[in-house]
Amino acid sequence: MIIVKTIHTFPLLLILIFMPALSAQQEITLANGEWPPWLSENLPYYGLASRIVTQAFSLENIKVNYKFYPWKRGYREAQMGLLNGTLLWNKSTQREKFFYYSDRVLTGKTVIFHLKKKTINWETSADLKKYRVGATLGYNYGEEFERLIKEIDVQFVPSDAQNFKKLLQGRIDIFFLDIAIGNTILKALYSPETVALFTSHPKPIRKMGYYLLFSKENPNNKSLLKKFNLGLSKLNENGTLQRFIDESH
């Protein structure tokens with residue numbers, strides 16, 4: 001008679017049964033928007049910033065789902081806790097009331113765009129008072145230039161594309177925008193011959209960090225913040241973050 005020993009298979013069965021639950025990937029949802037080349041539903045990886053965020057979370061076994069909204073709606077839904085968070089934002093006192101900030105995802109450089117045929121000279125913000133200035137609604141240009149905006153006649157429009165159109169038509173002299181964003185928009189809007197009419201001043205208005213925001217309304221977000229920062233640190237240390245930036249260029 002053959003005796004089959006099964007006593008050792010029971011613990012193994014328990015391990016196999018519970019293994020999927022133990023290794024299940026956590027999922028989160030973030031608001032995203034159109035801000036190429038960093039963010040866009042129509043770009044590979046949804047843009048450079050989305051790629052960085054996705055990979056940082058992936059290193060901590062977290063899957064990111066993006067919902068693409070107009071900026072105000074995405075921000076509002078994240079603020080209310082309907083989503084885990086939103087990307088990509090710079091720091092402000094107002095936002096810190098509602099969100100936890102991640103470590104810096106990217107650093108942007110805001111410059112003055114203008115037509116090549118017009119010479120722009122400036123050392124301080126006061127030097128810009130003699131120019132007709134274009135700006136985009138909803139942007140944070142920093143404390144120094146927010147004060148300047150109150151002192152001069154700044155023409156606000158809803159989109160960056162409209163400001164470039166006004167530059168081309170000679171209706172404004174200068175326009176503040178992140179250099180990577182501006183160059184991407186110009187190439188999308190105009191022919192190479194028209195793009196060649198524009199330039200940007202070498203002296204930046206400001207450099208600023210951009211961050212992932214986690215809603216304070218979600219009790220799990222403190223833990224997610226720590227995991228994201230850990231994953232982002234790993235990307236920095238192993239050179240992947242810089243490789244992503246280089247590839248995007």
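Residues numbered from 1 in each chain as written. Predicted model: local features only at pLDDT ≥ 70, side-chain atom pairs only at ≥ 80, totals over all residues. Heavy atoms only, no water.

J.: Residue-level account of unusual backbone geometry, with values.
T.: Pro36 connects to Pro37 through a cis peptide bond whose omega is 10 degrees. With respect to the secondary-structure elements, Pro37 resides in the loop between β1 (26-32) and α2 (48-58). Note that the residue after Leu87, namely Leu88, is joined by a cis bond; omega there is 15 degrees. Locating Leu88 in the fold gives a position in strand β3 (residues 85-89). Look at Tyr46: it is not a glycine, yet its phi comes out positive at around 65 degrees. The class for Tyr46 is partly exposed, based on a relative accessible area of 36%. Look at Asn61: it is not a glycine, yet its phi comes out positive at around 65 degrees. Mapped onto the elements, Asn61 comes out in the loop between α2 and β2 (62-68). Using a relative accessible area of 36% as the deciding quantity, one classes Asn61 as partly exposed. (Helix = DSSP H or I, 4+ residues; strand = E, 2+ residues; numbered from the N terminus. Buried < 20%, exposed > 50% of the residue type's maximum accessible area, 1.4 Å probe, protein only.)

J.: Could you give me a rundown of the packing of helix α5 (residues 160-169) against helix α6 (residues 179-189), with the residues and numbers involved?
T.: Where α5 meets α6, the closest approach of the two axes is 10 Å, and the angle between their N-to-C directions is 70 degrees. With respect to their mutual orientation, α5 and α6 come out roughly perpendicular. Across the interface between the two elements, Asp160, Ala161 and Phe164 of α5 pack against Ile181, Gly182, Ile185, Leu186 and Leu189 of α6. (Axes fitted to C-alpha atoms, helices over the stretch in contact; angles between N-to-C directions. Parallel < 35°, antiparallel > 145°, perpendicular 65-115°, else oblique. Contact = heavy atoms within 4.5 Å.)

J.: Quick rundown of the confidence of the model for the chain? Include the residues and the values.
T.: Across the chain, the average pLDDT comes to 87, with 91% of residues at 70 or higher. Across the chain, element-level confidence peaks in α2 with a mean pLDDT of 97 and bottoms out in helix α1 (residues 9-23) with 47. Overall, residues 1-10 carries pLDDT values under 50, and its contacts beyond four positions in sequence, including any with other chains, amount to zero contacts. (pLDDT = per-residue confidence, 0-100.)

J.: Lay out the packing of aromatic side chains with the relevant residues and their values.
T.: How two aromatic rings sit relative to each other is set out by the distance from centre to centre and by the angle between their planes. In total, this model carries 17 aromatic pairs according to the counting rule given. Between Trp35 and Trp38 the ring centres are 5.5 Å apart and the planes differ by 90 degrees, which places this aromatic pair in the edge-to-face class. Taken together, a centroid distance of 6.3 Å and an interplanar angle of 70 degrees make the contact between Phe57 and Phe214 edge-to-face. Here Phe57, found in helix α2, pairs with Phe214, found in strand β10 (residues 206-215); they are 157 residues apart in sequence, far enough to count as distant. Taken together, Trp35, Trp38, Trp71, Tyr75, Trp89, Phe99 and Tyr210 form an aromatic cluster joined through their ring pairs. Its end group placed over the ring of Tyr45, Arg51 keeps NZ or CZ at 3.9 Å from the ring centre. (Phe/Tyr/Trp six-rings, centres within 6.5 Å; stacked < 30°, edge-to-face > 60°. Lys NZ or Arg CZ within 6 Å of the ring centre and 35° of its normal.)

J.: Tell me about the pattern of salt bridges, and please be specific about residues and values.
T.: Scanning the entire structure with this criterion turns up six salt bridges. The residue Arg51 makes a salt bridge to Glu247 at a minimum N-O spacing of 2.8 Å. Taken as a pair, Arg51 in helix α2 and Glu247 in helix α9 (residues 240-248) lie far apart in primary sequence, 196 residues in all. You can call Arg51 buried: its relative accessible area is 15%. The network of salt bridges with shared partners includes Arg51, Arg243 and Glu247. (Salt bridge = Lys/Arg side-chain N within 4 Å of Asp/Glu carboxyl O.)

J.: I'd like a rundown of α6, residues and numbers included.
T.: Note: α-helices contain 3.6 residues per turn, so residues at a spacing of three or four share the same orientation. Among the residues making up α6, those that are buried are Ile181, Gly182, Ile185 and Leu186. Within α6, the buried residues cover an arc of 130 degrees as seen down the axis, which keeps them to one side. Along α6, exposed side chains directed more than 90 degrees from the buried face belong to Lys187 and Ala188. Buried residues belonging to α6 abut β5 (106-115), α5, β8 (174-178), α7 (192-195) and β9 (198-200). (Arc of directions from axis to C-beta.)

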